Amino acid sequence: MNDCLFCKIAKGEIPSDVVFEDDDVKIFKDIHPKAPIHYLIIPKAHIQSIAHLEADHNDIIAKLIYAAKREAEKAGLKGYKLSFNVGKEGGQEVDHLHLHVLGGW
Ligand code: 5GP
Ligand code: ZN
C-alpha cells in the first residue's frame, strides 16, 4: 500500500508520537486528539477496515484490543472508550484499520 498514510506511519516513514510498537502493532497519539488521551492502534500490515476482515485476521484483532487494555492501564485510565469507524459512511477517514482509545476526561 504505497500511498497509505498509516502504512507510512507503521514503517516510520512519516513521524508520529509513538506510544508502543512491536512486530505486529503500533500505537501512536492522534494528531487531533478528541480526548485528553487519544491513541490510535494499528496493525502494521495493511487491512482497510473492519469491513475488510477475514477469518485469519482474528489474532491481530485480539492483539489490537489487548494492546488497548494494556496501554489504557499504563496511562492510568480507569475507564475509556474504544472505537472503530467503519467506512466513509461510518466516519472513517483513513483507510487503514485503526482502533481509537479515548479517555482521561
Ligand atoms: P478515522 O476518522 O479514520 O476513524 O480516524 C483517523 C484519525 O487519524 C483522526 O482522528 C485523525 O485526527 C488522525 N490522523 C489523521 N492523520 C494523522 C497523522 O498524520 N498523524 C496522526 N498521528 N494522526 C492522524
Ligand atoms: Zn495501510
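See the structure shown above.
Below you will find a few notes about this structure. The structure presented is a predicted model; accordingly, all values stated were derived computationally and were not measured.

1. Examining the coordination of the zinc ion (ligand 2)
Donor atoms from the polypeptide that bind the zinc ion (ligand 2) are Cys-4 (SG), Cys-7 (SG), His-46 (ND1) and His-96 (ND1), placed at 2.0 to 2.3 Å. Classification of the site at the zinc ion (ligand 2) rests on its 4 donor atoms, whose angles at the metal span 105 to 116°, yielding the label tetrahedral. For the zinc ion (ligand 2), the single-chain donor residues occur in sequence as C-x2-C-x38-H-x49-H. With Cys-4 in the segment before helix H1 (5-11) and His-46 in the loop between strand E3 (37-43) and helix H2 (58-74), this pair connects stretches of sequence that are 42 residues apart. Take His-46: its relative accessible area is 27%, and that puts it in the partly exposed class.

2. What to know about the sheet that holds strand E5 (residues 99-103)
Across the sheet, 5 strands lie side by side as E1-E2-E3-E5-E4; this open sheet has antiparallel pairing. Edge strands, defined here as strands with exactly one partner in the open sheet, are strand E1 (18-21) and strand E4 (80-83). The mean angle between the axes of side-by-side strands here comes to 15°, regardless of whether they run parallel or antiparallel. Bridging between E3 and E5 involves 5 bridges; their strand directions are antiparallel. Residue pairing across strands places Ile-37 opposite Gly-103, the latter belonging to E5. Running over the sheet, H2 touches E1, strand E2 (25-29), E3, E4 and E5 and is turned about 155° from E3.

3. Examining the side chain of His-100
Summarising the element assignment, His-100 is placed in strand E5. Reaching out from His-100, the side chain makes a polar contact with the side chain of His-38 at a distance of 2.8 Å. If we ignore the near neighbours within four places in the chain, the residues touching His-100 are Asp-30, His-38, Tyr-39, Leu-40, Lys-81, Leu-82, Ser-83 and Asn-85.

4. Overview of the nonpolar core
Residues Ile-41 and Leu-64 are the most contacted members of the largest nonpolar core, which totals 16 residues. Listing elements by their share of this core, those giving two or more residues are E2, E3, H2 and E5. Among the elements that line this core, the one with the most residues is H2, at 6 residues. Apart from residues lying up to four places away in sequence, Leu-64 is in contact with Val-25, Ile-41, Ile-42, Pro-43, Phe-84, Leu-97 and Leu-99. In terms of nonpolar packing, the next biggest core, distinct from the first, is built from 8 residues, Cys-4, Phe-6, Cys-7 and Ala-10 among them.

Definitions and limits used
Residues numbered from 1 in each chain as written. Chains lettered and ligands numbered in written order. Predicted model: local features only at pLDDT ≥ 70, side-chain atom pairs only at ≥ 80, totals over all residues. Heavy atoms only, no water. Donors = N, O, S within 2.8 Å, 3.2 Å for Na, K, Ca; no water. Tetrahedral: all angles 85-135°; square planar, octahedral: opposite > 155°, others 65-115°. Helix = DSSP H or I, 4+ residues; strand = E, 2+ residues; numbered from the N terminus. Buried < 20%, exposed > 50% of the residue type's maximum accessible area, 1.4 Å probe, protein only. Pairing = 2+ DSSP bridges. Axes fitted to C-alpha atoms, helices over the stretch in contact; angles between N-to-C directions. Contact = heavy atoms within 4.5 Å. Polar contact = N/O pair within 3.5 Å; in protein donor to acceptor, adjacent residues only side chain to side chain. Core = buried A, V, L, I, M, F, W, Y, C linked by side-chain atoms within 4.5 Å.

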